[in-house]
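Coordinate inspection notes
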Amino acid sequence: MPRSVNAVASRARRKKVMKQAKGYFGRRKNVWTVAKNAVEKAMQYAYRDRRNKKRTFRALWITRINAGARLHGLSYSQFMGKVKANNIELNRKVLADLAMNHPEAFKAIVEKVK
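Let us look at the structure shown here. (Residues numbered from 1 in each chain as written. Predicted model: local features only at pLDDT ≥ 70, side-chain atom pairs only at ≥ 80, totals over all residues. Heavy atoms only, no water.)

Digging into the nonpolar core
Note the following rule: Definition of nonpolar core: a set of buried residues of the types Ala, Val, Leu, Ile, Met, Phe, Trp, Tyr and Cys, connected through side-chain atoms within 4.5 Å. Buried residues are those whose accessible area, probed at 1.4 Å on protein chains only, stays under 20% of the maximum for their type, while exposed residues exceed 50% and partly exposed ones sit between those limits. Secondary structure elements follow DSSP: runs of H or I no shorter than four residues count as helices, runs of E no shorter than two count as strands, and numbering proceeds from the N terminus. By the convention used here, residues are in contact when the closest approach between their heavy atoms is within 4.5 Å.
Residues Ile65, Phe79, Met80, Leu95, Phe106 and Ile109 are the most contacted members of the largest nonpolar core, which totals 16 residues. Residue assignment for this core shows that the elements contributing at least two residues are helix H2 (32-70), helix H3 (76-85), helix H4 (92-101) and helix H5 (103-113). Residue contacts for Leu95: discarding those within four places in its chain leaves Ile65, Phe79, Met80, Leu90, Phe106 and Ile109.

As structure tokens, this is what we get:
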């Protein structure tokens, strides 16, 4: 009995990986074993960084809110404490956007919580 190999499926699988490796530098884009490893590593980074992105953005929002609050004589923690105490239900994303793009609206919030 001859060995049965599903060449169609194997080729399709390789083609899929090679397509994902398109745009990589050097042998990573056209040598199967190198491309397979590169794509596998890229997928690990993508999985990890989908989670890290949330942390990174939260840190960015906090930095922006802090900068905006300090212009009005409050630290970030003082400002957020007063926002919570006054039952202002704006999340960090919205507050950061106001601090950056609408300083007059952010100032109004600061004046309300002071």
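Looking at the packing of H2 against H3
Note the cut-off: In this description, a line fitted to the C-alpha atoms serves as the axis of each element, helices being fitted only across the stretch in contact, and the angle between N-to-C directions of two axes falls anywhere from 0 to 180 degrees. Every angle not falling under 35 degrees, over 145, or within 65 to 115 is termed oblique; those three ranges are roughly parallel, roughly antiparallel and roughly perpendicular. Ten residue types, Ala, Val, Leu, Ile, Met, Phe, Trp, Tyr, Cys and Pro, are classed as nonpolar, four, Asp, Glu, Lys and Arg, as charged, and the remainder, Gly among them, as polar.
Taken N-terminus to C-terminus, the directions of H2 and H3 make an angle of 95 degrees; their axes are 8 Å apart at the nearest point. Judged by the inter-axis angle, H2 sits roughly perpendicular to H3. From H2, Ile62, Ile65, Asn66 and Ala69 reach across to H3, where they touch Tyr76, Phe79 and Met80. Split into classes, the residues belonging to the contact of H2 with H3 amount to 6 nonpolar, 1 polar and no charged.

Fair warning: the whole summary comes from geometry, so function is off the table for now.
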